[in-house]
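The chain contents come next:
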Amino acid sequence: MDPAVHNVNLMNTQVFQLAIPYTPSVNEYVQSVSLPGVTLGEAFMENPLIKSPEPGDKLIYSPLAITFLVDEELKNWQELYSWLKSLGFPTDMTQYGVLPHLLNRVDDDRVVCDITMLIYNNQTTPILKTIFFDCFPISIGDIPLNVADTGSQPTISTADFMYRSYEVTPII
């Protein structure tokens, strides 16, 4: 074993906290979230004999994907839907950026926000803080309705967000 490795514990993927300022009703119902992948594009340098790959100059971030439990009144799903609708102004331009359910907005012209994710270790101590900058929703999932359902399973939906970039900072 490498002597430089002093912690042999595996990552605890079951303890995390996600804070989305524009959708406070979603925060407590998040069931899963993935730390998105990052890809570095490549460029090719060509000569008469070979096409050689070189590191690119732009990072491509995968969407931030979450799954969440839907509350009985669909309040958390509706918060996401209102935010998404305010970005797409589906019927007229006056809907752009109108998020009436938000009380904690700093600037009425901002339709993006920073999302914070804390990752905890096995002792439930926060160890990593990830901030996703300038986030906005790009999709929300279906809500299945089924008369044959027994009702024993909670309703789950999904949401995807895009963002400018993210930063991972160790806390301890």
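This text goes with the structure placed above it.
Presented here is an overview of the structure given in this document. As the structure is a prediction and not an experimental result, all values here were calculated from the model.

One finds Leu18, Ile20, Ile66, Phe68, Ile115, Phe132 and Phe161 to be the most contacted residues of the largest nonpolar core, which totals 25 residues. Sorting the residues of this core by element identifies β2 (30-33), β5 (64-69), α2 (75-88), β6 (113-120), β7 (126-140) and β8 (156-162) as the ones contributing at least two each. Considering every element that reaches this core, the biggest residue donor is β6, with four residues. Ignoring any residue separated from it by four or fewer positions in sequence, one finds Phe132 in contact with Leu35, Pro36, Leu64, Cys113, Asp114, Ile115, Met117, Tyr163, Ser165 and Tyr166.

Turning next to unusual backbone geometry. Even without glycine at this site, Leu74 takes up a positive phi of about 60°. In this structure, Leu74 sits in the loop between β5 and α2. With a relative accessible area of 30%, Leu74 lands in the partly exposed category. Of note, the phi angle at Thr124 is positive, near 55°, even though the residue is not glycine. Looking at the element boundaries, Thr124 is found in the loop between β6 and β7.

To continue, consider the side chain of Ser157. Mapped onto the elements, Ser157 comes out in strand β8. Owing to a relative accessible area of 2%, Ser157 belongs among the buried residues under this scheme. Here the side chain of Ser157 touches Gly141 through a polar contact of 3.2 Å, landing on its backbone oxygen. Apart from residues lying up to four places away in sequence, Ser157 is in contact with Ile66, Thr67, Phe68, Val70, Trp77, Gly141, Asp142 and Ile143.

Quick look at the pairing of β7 now. Of the pairings in the sheet, the one linking β6 to β7 comprises seven bridges and is antiparallel in character. Pairing of Met117 across the sheet is with Thr130, part of β7. Count of turn residues in the β6/β7 antiparallel hairpin: five residues, of which Thr124 carries a positive phi of about 55°. In this sheet, strand β9 (residues 165-170) lies alongside β7 in antiparallel orientation, the contact comprising six bridges. Each residue of the ladder has a partner; that of Leu128, found in β9, is Pro170. Of the pairings in the sheet, the one linking β7 to β8 comprises four bridges and is antiparallel in character. By the bridge assignment for β8, Phe136 is matched with Met162.

Rules behind the numbers
Residues numbered from 1 in each chain as written. Predicted model: local features only at pLDDT ≥ 70, side-chain atom pairs only at ≥ 80, totals over all residues. Heavy atoms only, no water. Core = buried A, V, L, I, M, F, W, Y, C linked by side-chain atoms within 4.5 Å. Buried < 20%, exposed > 50% of the residue type's maximum accessible area, 1.4 Å probe, protein only. Helix = DSSP H or I, 4+ residues; strand = E, 2+ residues; numbered from the N terminus. Contact = heavy atoms within 4.5 Å. Polar contact = N/O pair within 3.5 Å; in protein donor to acceptor, adjacent residues only side chain to side chain. Pairing = 2+ DSSP bridges.

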